[in-house]
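Chain by chain, the residues:
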Amino acid sequence: ILRSVAKGDFKSPEGKLVLFILAGTIPTALMGFFFYDFFTSLFTNLLSVGISLIVTGMVLFTSKFVPARGEINYRKSLLIGTAQGISLIPGMSRSGLTIGTGILSGISRETAVRYSFLLSIPAILGATLFEFNNLTVSGVDAVSLAIGMLTAMIVGYFSLKTLISLVLKGRFHLFAFYCWIVGVIIILISMV
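Residues numbered from 1 in each chain as written. Predicted model: local features only at pLDDT ≥ 70, side-chain atom pairs only at ≥ 80, totals over all residues. Heavy atoms only, no water.

(A) Structural view of the nonpolar core. One finds Ile-99, Ile-103, Tyr-115, Val-167 and Phe-172 to be the most contacted residues of the largest nonpolar core, which totals 23 residues. At the level of secondary structure, the elements contributing two or more residues to this core comprise helix H2 (13–34), helix H4 (46–62), helix H6 (94–104), helix H7 (109–137), helix H8 (142–168) and helix H9 (175–190). With five residues, the top contributor of residues to this core is H7. Sequence-distant contacts of Tyr-115, defined by excluding residues within four places in its chain, comprise Leu-17, Phe-20, Ile-21, Gly-24, Ile-72, Ser-77 and Ile-80. (Core = buried A, V, L, I, M, F, W, Y, C linked by side-chain atoms within 4.5 Å. Buried < 20%, exposed > 50% of the residue type's maximum accessible area, 1.4 Å probe, protein only. Helix = DSSP H or I, 4+ residues; strand = E, 2+ residues; numbered from the N terminus. Contact = heavy atoms within 4.5 Å.)

Take a look at the structure:
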């Protein structure tokens, strides 16, 4: 991908993928920018988190029944990018929504996984830059931040290997049961 960008080759499969990532990043960035206050207000709303987990579970479970063999295009990139923007709501799984939406849009499971994780790179970098001032203002020192990032990277790597294996084996929908159980528990807790 980096070689295609360096050559300015956007007609090769890797070069086209860069354009699809940029297209998918647009709805995420717009939603994050314009609805930032709305999304952050939901972090203290347990009912919203529970409902979001149940919705995530529905997307994951439904993806089981779609024969996904197609390739990605601009329309599907925008759709998956919109799903990534929606995943800013607490309780929505970014990976679950983007991979599930990719599969539901008809792209192959392998392409959905690959695109989902490549699409996360600009989103994570953008969110980090956007939130960086808040991190320094709230007293998070550089060492703690570095340790947290390293820990997240290591745990994330092994978690992603497991997730990718389950998606490619057609068992991605099993995460739906976890989402539903935890979602119902959180909804019940929110009513107490």
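So, next bit.
(B) Focus on the environment of Gly-148. Looking at where Gly-148 falls in the secondary structure, it is placed in helix H8. With 25 residues separating them in the primary sequence, Gly-148 and His-173 have C-alpha atoms 30 Å apart.

(C) Focus on the layout of surface pockets. By volume, the largest pocket is sized at about 1,100 Å³. In terms of lining, the largest pocket is formed by 34 residues, of which the most central are Gln-84, Ser-87, Leu-88, Arg-94 and Ile-124. Looking at the lining of the largest pocket, the elements that each hand over two or more residues are H2, helix H3 (36–41), H4, H6, H7, H8 and H9. When residues in the lining of the largest pocket are grouped by element, the largest group, eight residues, is from H7. (1 Å grid on protein atoms, 1.4 Å probe; cavity = no way out; pocket = protein on both sides within 12 Å on 5 of 7 lines; lining within 4 Å. Points joined across faces, edges and corners; volume = space filled by probe spheres on them.)

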